[in-house]
Amino acid sequence: MTFFDPQTWDGRYFDGSWVSTPDTAAVISPSTGETIGRVAAATAADLDRTVDAARRAQTAWAAAPAEERAAAMRRAAAIIEENTETLARWLSDEAGSAQGKAHFEASLVANEFHLAAATAMMPYGQLLRSARGRASASAVAAPSEWSA
């Protein structure tokens, strides 16, 4: 099973492992109105647990050497680039997007990971301290449609 195999998405990836879930939501193609898949549904409590897990992971991520963080970002970009056709097809089906736009969006995400890798290696700026200690760029939870 690979990341882009639909069976991979049978559940939720939570805190380092896949967790099965009884609740799912249909993915409806806006082009056809057909159900093209199902995704795991999460509760507010699941979101709280996910945010807690992200906070724990952030500590290790922030402590990792810049080279290691950059390598992880480059690997993410490579996975996206290796699977652009599949991602573009998924985007087109799920969002009703034109294939050209879907290819652009997949490439844009890969480019963002490349930018993050480069940023991790840039020796500039200053680290400001907050009341809680060191401040750094970290995970953000925000609703998004991933539209460019």
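So, here is what we can say about the structure in this document. (Residues numbered from 1 in each chain as written. Predicted model: local features only at pLDDT ≥ 70, side-chain atom pairs only at ≥ 80, totals over all residues. Heavy atoms only, no water.)

1. A closer look at the pattern of salt bridges
In the structure shown here, the tally under the stated rule is four salt bridges. Here Arg49 ties to Asp46 by a salt bridge, and the two come within 3.8 Å at their closest N and O atoms. Taken together, the residues span about one helical turn, with Arg49 and Asp46 both in helix H1 (residues 44–63) at a distance of three residues. With relative accessibility at 12%, the residue Asp46 sits in the buried group. A salt bridge links Lys101 to Glu105; its shortest N-O distance comes to 2.5 Å. With a gap of four residues between them, Lys101 and Glu105 both fall in helix H4 (residues 99–120), about one helical turn apart. Judged by relative accessible area, which is 41%, Lys101 ranks as partly exposed. (Salt bridge = Lys/Arg side-chain N within 4 Å of Asp/Glu carboxyl O. Helix = DSSP H or I, 4+ residues; strand = E, 2+ residues; numbered from the N terminus. Buried < 20%, exposed > 50% of the residue type's maximum accessible area, 1.4 Å probe, protein only.)

2. Re the packing of helix H2 (residues 66–82) against H4
H4 packs onto H2 with a crossing angle of 170° between their chain directions and a minimal axis gap of 8 Å. Classed by the angle they form, the pair H2 and H4 counts as roughly antiparallel. You can see that H2 and H4 cross each other, and the crossing is left-handed. For the pair formed by H2 and H4, the contact residues are Ala66, Arg69, Ala70, Met73, Arg74, Ala76, Ala77, Ile80 and Glu81 on the first element and Ala106, Val109, Ala110, Phe113, His114, Ala116, Ala117 and Ala120 on the second. Its residues placed into classes, the contact of H2 with H4 shows 13 nonpolar, one polar and three charged. (Axes fitted to C-alpha atoms, helices over the stretch in contact; angles between N-to-C directions. Parallel < 35°, antiparallel > 145°, perpendicular 65-115°, else oblique. Left-handed = near helix turned anticlockwise from the far one by under 90°. Contact = heavy atoms within 4.5 Å. Nonpolar A, V, L, I, M, F, W, Y, C, P; charged D, E, K, R; others polar.)

3. Concerning helix H3 (residues 84–95)
Between its terminal C-alpha atoms H3 stretches 16 Å, which fits the 16 Å expected from twelve residues at 1.5 Å a residue. Along H3, the positions that sit buried rather than exposed are Thr84, Thr86, Leu87, Ala88 and Ser92. In the core, the buried residues of H3 are packed alongside H2 and H4. Just beyond H3, the residue with positive phi is Gly96, at close to 70°. (Expected span 1.5 Å × (residues − 1).)

4. A word on the pairing of strand S4 (residues 35–40)
Relative to S4, strand S3 (residues 24–28) runs antiparallel, the two sharing five bridges. When the sheet's bridge partners are listed, Ala26 is paired in S4 with Arg38. Linking two consecutive strands that pair antiparallel, namely S3 and S4, is a turn of six residues; a positive phi of about 80° is found at Gly33 within it. (Pairing = 2+ DSSP bridges.)

5. Brief notes about the packing of H3 against H4
One way to put it is that H3 packs onto H4 with a least axis distance of 8 Å and a crossing angle of 125°. Between H3 and H4, the angle falls in the class oblique. Where H3 crosses over H4, the two elements pack in a sense that is right-handed. In this structure, H3 uses Thr84, Glu85, Leu87, Ala88, Arg89, Leu91 and Ser92 to contact H4, whose residues at the interface are Gln99, Ala102, His103, Glu105 and Ala106. Residue classes in the contact of H3 with H4 are distributed as five nonpolar, four polar and three charged.

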